[in-house]
Amino acid sequence: MQQIVILRLGHRPVRDKRITTHVGLTARAFGAEGMLLASDDPKLTENIRDVAKRWGGNFYVTNNVNWKTEIRKWKEEGGKVCHLSMYGINLPDAVSEISLCEKLMVVVGAEKVPFEIYELSDWNVAVGNQPHSEVAAVAVTLDRIAGNDPLRKEFTDGELMIVPAERGKKVIDNRQEESQEMCREE
């Protein structure tokens, strides 16, 4: 099984709160094991941890990391680094090689990415060579490199669990003594 971690660079707490949260939630939903935040935002970190607790999985968030230290440590431990950028090689041209990686760090920027990232990365990969959302880039990349279908991943250890339904909303609340289904049609 592939070990994938997201390194989020340049989070600006006032501007990027929702985008960084969505990067973390998307990474969790698509099979990453955690996110390293190269900025200090304990509230955002706690919000993502709370989602993982309520909805299941072992996703972690580490706040206020030094990105250079994390990349160097990752590479020393045999990991590879994939930087998502609109300036890189096209994702389809790199998927087969990246998919073989057992230990992968995916770097996602917010503000201007230091040039050193381009040099430290094993791959600089573009999800389209146009301006785009880093949330979309993470989703597309993780989906393309997955050995299985990440959209079918089940999180069975959460307090809440969604049951796929053709209509309405069906959620099981595992916090109840007897599991009860809450179903609402809207």
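Residues numbered from 1 in each chain as written. Predicted model: local features only at pLDDT ≥ 70, side-chain atom pairs only at ≥ 80, totals over all residues. Heavy atoms only, no water.

Within an unreviewed UniProt entry, the label attached to the chain reads tRNA (cytidine(56)-2'-O)-methyltransferase, and the organism entered is Methanolobus halotolerans. Entered under Subunit (unreviewed entry) in the UniProt record, the comment concerning the chain runs "Homodimer." The Sequence similarities (unreviewed entry) field of the UniProt record for the chain holds the comment "Belongs to the aTrm56 family." (UniProt positions renumbered as here; feature names shortened; annotations may be inferred.)

Further remarks concern the sheet that holds strand β6 (residues 123–126). An order of β3-β2-β1-β5-β4-β6 is seen for the six strands of this open sheet, with the pairing classed as parallel. Each end of this open sheet is capped by a strand with a single partner; those strands are β3 (60–62) and β6. Strand-to-strand twist across the sheet, computed as the mean angle between neighbouring axes with direction ignored, equals 30 degrees. Sheet analysis places strand β2 (residues 34–38) next to β3, joined by three bridges and oriented parallel. Across the sheet, M35 pairs through a bridge with V61, a residue of β3. Packing of helix α1 (residues 17–29) onto the sheet brings it into contact with β1 (3–9) and β2, and relative to β1 it is tilted by some 175 degrees. (Pairing = 2+ DSSP bridges. Helix = DSSP H or I, 4+ residues; strand = E, 2+ residues; numbered from the N terminus. Axes fitted to C-alpha atoms, helices over the stretch in contact; angles between N-to-C directions. Contact = heavy atoms within 4.5 Å.)

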